[in-house]
Amino acid sequence: MASSSSSSRQVKHQVFLSFRGEDTRVNFTAHLLQALKDKGWTVFFDDDTLKKGEKISSALSNAIAASILSIIILSKDYASSNSCLGELSDIMDRKRNPTDKYIVLPIFYHVNPSHVQKIGGTFKTSFQKHESKQPADRVQRWKSAFQEVGALKGWHIGGKSDRYETEYIEDVVEYISKELDSNCTSVSEELVGINDQKKIILGLIEQEHSRVIGLWGMGGIGKTTLADVAYSEICQNFESHLFLRNVSEKIKKVGNESLRNELFSKLLNQKGICINSPSIGHPYQERLNNKKVLVVLDDVSNPDQIEFMGVKHFGPESKIIVTSRDRQVLKNGRANHIYEVKKLNENDSLQLFSTLAFNLLTPAADFQDLSCKFAGYAQGNPLALKVLGSKLYTKSRKEWESEVDSLKQYAEPKMSHILKSSLDGLRELEKNIFLDIACFFKGEKMDTVEKILSNYYMGAMSGIRNLVDKCLLDSIDCYSMHDMLEEIGKDIVRQECKEDPGKRSRLWFPEDVDQVLRYNKGTVSIEGIKLDMFQMDELQLCPSVFQNMLNLKYICFYDSKIEKG
């Protein structure tokens, strides 16, 4: 494996381990070292590597230069050591080199990350001692490096409700293995959990008869990011290339012709191309046919948009990547392969959430339980994880607990805006089915839901299939949808009449149902009610309670006491 910065650098060790020996040598560091070796990685560890008579300073400098990444175990007395601060400075010097892409991963071992970044706690005392003995410029260099590493993403070990250290070591080794296996891609929250999927897409692109590759998935799942990563890796292999973002949105603003002219101008390296007719003239067809190009059409909502961009005229060996929330668009657009972009797994979800919520690669020690709840709520959706993590950054545990309680009542504003765009363009039939499932039938068996909805909607099965194709519904044994889509659907209904639930189309919230039925506030607006049988004994219903609900289609009964629909 070669370093990403220079072919001339000889890689003797994949990992350089920096630590304060008196603090962690015989416990945490020893166990981490063994775990890394067990995985087959070579690690610079001064006890094993230095030869007798070799100068420590030059050996450390050479080891850092000959490694791919550094792990820095920041313990309480790390900053009291001149040698530790010296090697830390060398490490951060290499990281600052923009062409090097050197990876530095801190482990905050029973220390507060903010104390590292702000030089507080015991570290403040250590640096005060250095200032009285060392040259000012040297101490300043140490301080700068120390503060920089405190701002990096890593792991925080310690706290009352913390996990076992062995679990952290497993996390560290797994993460490092992914980094090294993926040729040392720099740490980025955008790329968490994406390497395996990138390999699949690159494999599809390499296939000889694979010309149009479709990436399909719900809003926020990572289609654009995946397309961008694949595009960036291979674009230099093509004569011309262009990544067209937000195709549908741009077409609404500037029109088909303008966007196609932009594409052709780039691919043919000619400014001012202007084709104002639906058809493409022969001169342009021939020129395009002579070029091997790579094009990404991002967020396509209509198969005609693919055809209009003239992809059939691109030269042999050209590749077109198309992203869409609608599988049928990709089918009708003649995609040779359609890849469903996968949700993040549990570990990657927690890591992505933690990078935004704590600037760490795992949750802060005292927030482990709450972090798992938020990661679970997001259900592997990267955008949901980013929105939630960003919102909770620097907030107290009490604020986190309050946010957990409110998650099921209110949709995230930023997430709502993005996911609501998935509902744009739905037919009235599809919108009604979506709202019915969000309010009443999520998690119910497919045949039951289909039978009920078919009684009230002509073409219900077609509407359901379209919602599945648009990633607004999941269908395995039951009909389900992302929690955030459910909350968005419910929020749409709430907005029909904020003050009076009796004027909304659907009622599911127990207090709203109780208010409407107990005080006979039903209106012609109500189309469906979800009624808790456990509350029925407490309700005093007058005989005419349903008299004004002329458009009521169904009442869904359930029992909250036994939590069964």
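Here the residue index of a chain counts from 1 through its sequence in written order. Where totals are concerned, whole chains, interfaces and linings use all residues; where local detail is concerned, this predicted model gives features only for residues with pLDDT of at least 70, and gives and counts side-chain atom pairs only at 80 or more. Hydrogens and water are ignored here; the side-chain numbers use all heavy atoms of the structure.

Under an unreviewed UniProt entry, the name given to the protein chain is TIR domain-containing protein, and the source organism is Gossypium tomentosum.

1. Brief notes about the overall build of the protein chain
Counting from the N terminus, the helices are the DSSP runs of H or I reaching at least four residues and the strands are the DSSP runs of E reaching at least two. From N to C terminus, the protein chain includes 27 helices and 15 strands. Restricting the contact set of the protein chain to residue pairs at least 6 apart, pairs at least 24 apart contribute 73%. Contacts: residue pairs with any heavy atoms within 4.5 Å of one another.

2. Here we look at helix α7 (residues 122-133)
With 12 residues, α7 extends 18 Å from end C-alpha to end C-alpha; this agrees with the ideal 16 Å at 1.5 Å per step. Partly exposed residues are those whose accessible area sits between 20% and 50% of the maximum for their type, while under 20% is buried and over 50% is exposed, using a 1.4 Å probe and protein chains only. Buried within α7 are the following residues: Phe123, Ser126, Phe127 and His130. For α7, the buried positions fall inside an angular range of 95° around the axis, keeping them on one side. Exposed positions of α7 whose direction lies more than 90 degrees from the buried face are Lys129 and Ser132. In this structure, the buried side of α7 is in contact with α5 (82-96), α6 (113-118) and α8 (136-150). The span expected for a helix works out to 1.5 Å for each residue beyond the first. The arc in question is the one spanned by the directions pointing from the helix axis to the C-beta atoms.

3. Side note on the pairing of strand β4 (residues 103-109)
With seven of its seven residues buried, β4 lies for the most part within the structure. Neither face of β4 is exposed, since Ile103, Leu105, Ile107 and Tyr109 on one face and Val104, Pro106 and Phe108 on the opposite face are all buried. A crossover links strand β3 (residues 69-74) with its parallel partner β4, the connecting element being α5, and its sense is right-handed. Inspection of the sheet shows β4 paired to strand β5 (residues 155-157) by three bridges, in the parallel sense. Considered in β5, the bridge of Tyr109 is made with Ile157. Look down the strands so they point away from you; if going from the first strand over the helix to the second traces a clockwise path, that crossover is right-handed. Pairing between strands is defined by DSSP: at least two bridges between them are needed.

4. Here we look at the side chain of Ser265
Mapping Ser265 onto the fold places it in helix α13 (residues 256-267). Any N or O atom pair separated by 3.5 Å or less is treated as a polar contact, with the protein-specific requirement of one donor-capable and one acceptor-capable atom, and with residues adjacent in sequence counted only for side-chain atom pairs. Side-chain polar atoms of Ser265 contact the backbone oxygen of Asn261, separated by 2.8 Å. Here Ile273 takes part through its backbone nitrogen, which lies 3.4 Å from a polar atom of the side chain of Ser265. Not counting chain neighbours up to four residues away, the residues in contact with Ser265 comprise Gln270, Lys271, Gly272 and Ile273.

5. A closer look at the sheet that holds strand β15 (residues 554-558)
Strands belonging to one sheet form pairs held by backbone hydrogen bonds; the direction of such a pair is parallel or antiparallel. The strand order β13-β14-β15 describes an open sheet built from three strands, whose pairing is parallel. Only two strands of the sheet have a single partner each, and these edge strands are β13 (506-507) and β15. For strand β14 (residues 528-532) and β15, the ladder comprises five bridges, and the chain directions are parallel. Residue pairing across strands places Leu531 opposite Phe557, the latter belonging to β15.

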